[in-house]
Amino acid sequence: MTGVIIAFPRAEVGNKIKAILVRSGYQVTGVYTSGSQVIQGVNGLDDGIVITSYRLPDMIYRELREDLPAEFRMIALTSQEQWDENGDEGVISLSLPLKVHELLSTLEMEVYNLERARRRRKKKPAVRSTEEQAIIDKAKGILMSRNNMSEPEAHRYLQKTSMDNGTSFTETAQMILSLMDF
């Protein structure tokens, strides 16, 4: 579940927004009153959404956005006038006075986008070291010569065995090498 961080200069405002979000099924990981607290609060989190006011005691939303990891999204609650003067393309703005349904629908959209980005990051293939690639290539070579397999067949055999045994691709290649006494 995607964590939401709330940052408002007045804790009671942040707690009211937290109550709305919790009732709607969102997980709020923290309510903070300054930008520096938010920056400390995101340590250890992979990603999330920060809902903040235009100005915090120690910085404005744009400075906070610059200090957050790239995986975090931001929703700024501002007056239309402030946003027209200082809007930022990387931040979503909601106009004050805040309408609860607008906040919830915007948050739902951002959670969806964040989860899509998370899935894309997980789909990226693992980068293997040269030693790991050498082990895999050697195991494929053995399978190809001893079992008369083509390279794609040997690769598929390693892949299937890896998935069936719940081991990594490299561990499976190492098992084949140890079974063949290499």
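Our subject is the structure listed above.
Predicted model, so just to flag it, every value in this text is computed and none were measured. (Residues numbered from 1 in each chain as written. Predicted model: local features only at pLDDT ≥ 70, side-chain atom pairs only at ≥ 80, totals over all residues. Heavy atoms only, no water.)

Now for the packing of helix H6 (residues 130–147) against helix H8 (residues 169–179). The N-to-C vectors of H6 and H8 enclose an angle of 50°; their axes lie 9 Å apart at closest approach. By the criterion of interaxial angle, the relationship of H6 to H8 is oblique. As for how H6 packs across H8, the hand of that crossing is left-handed. Where H6 abuts H8, its residues Glu132, Ile135, Ile136, Lys138, Ala139, Ile142 and Leu143 lie against Phe169, Thr170, Ala173, Gln174, Ile176 and Leu177. (Axes fitted to C-alpha atoms, helices over the stretch in contact; angles between N-to-C directions. Helix = DSSP H or I, 4+ residues; strand = E, 2+ residues; numbered from the N terminus. Parallel < 35°, antiparallel > 145°, perpendicular 65-115°, else oblique. Left-handed = near helix turned anticlockwise from the far one by under 90°. Contact = heavy atoms within 4.5 Å.)

The biggest cluster of nonpolar side chains holds 18 residues, and the ones touching the most others in it are Ile5, Val38, Val50, Tyr61, Leu64, Leu68 and Met74. Other than its neighbours up to four places away in sequence, Val38 contacts Ile5, Ala7, Tyr32, Val50, Leu64 and Leu68. The next biggest cluster of nonpolar side chains, apart from the first, holds 16 residues, and it includes Ile49, Ile51, Leu77 and Leu107. (Core = buried A, V, L, I, M, F, W, Y, C linked by side-chain atoms within 4.5 Å. Buried < 20%, exposed > 50% of the residue type's maximum accessible area, 1.4 Å probe, protein only.)

Spatial ordering of the open sheet is given by S2-S1-S3-S4-S5, a layout of five strands whose pairing is parallel. If you trace the sheet from one side to the other, it starts and ends with strand S2 (27–32) and strand S5 (92–95), each paired once. Sheet twist, expressed as the average angle between the axes of neighbouring strands with direction ignored, equals 20°. Alignment of strand S1 (residues 3–7) against S2, held across five bridges, turns out to be parallel. Looking at S2, one finds that Gly3 is bridged to Gln27. In this fold helix H1 (residues 11–23) packs onto S1, S2, strand S3 (48–53) and strand S4 (72–78), with an angle of close to 175° to the strand it touches most, S2. (Pairing = 2+ DSSP bridges.)

We now examine the packing of helix H7 (residues 151–165) against H8. In contact at an axis separation of 9 Å, H7 and H8 are set at 105° when each is read in the N-to-C sense. Regarding the angle of H7 to H8, the classification is roughly perpendicular. Side by side, H7 and H8 meet where His155, Tyr157, Leu158, Gln159, Thr161, Ser162 and Asn165 of the first sit next to Phe169, Thr172, Ala173, Met175 and Ile176 of the second.

Below, the discussion takes up the pattern of salt bridges. Counting across every chain of the model gives six salt bridges. A salt bridge links Glu151 to Lys140; the nearest nitrogen and oxygen atoms lie 2.7 Å apart. Here Lys140 lies in helix H6 and Glu151 lies in helix H7, a separation of eleven residues in the sequence. On the basis of relative accessible area, Lys140 is assigned to the buried category, the value being 9%. As a salt-bridge pair, Asp164 and Lys160 come within 2.9 Å of each other at their nearest N and O atoms. Within this pair, Asp164 and its partner Lys160 are both found in helix H7, separated by four residues, close to a single helical turn. Given a relative accessible area of 53%, Asp164 falls into the exposed group. Given the relative accessible area of 41%, Lys160 is considered partly exposed. Within the structure, one salt-bridge network assembled from shared partners comprises Asp47, Arg118 and Arg121. (Salt bridge = Lys/Arg side-chain N within 4 Å of Asp/Glu carboxyl O.)

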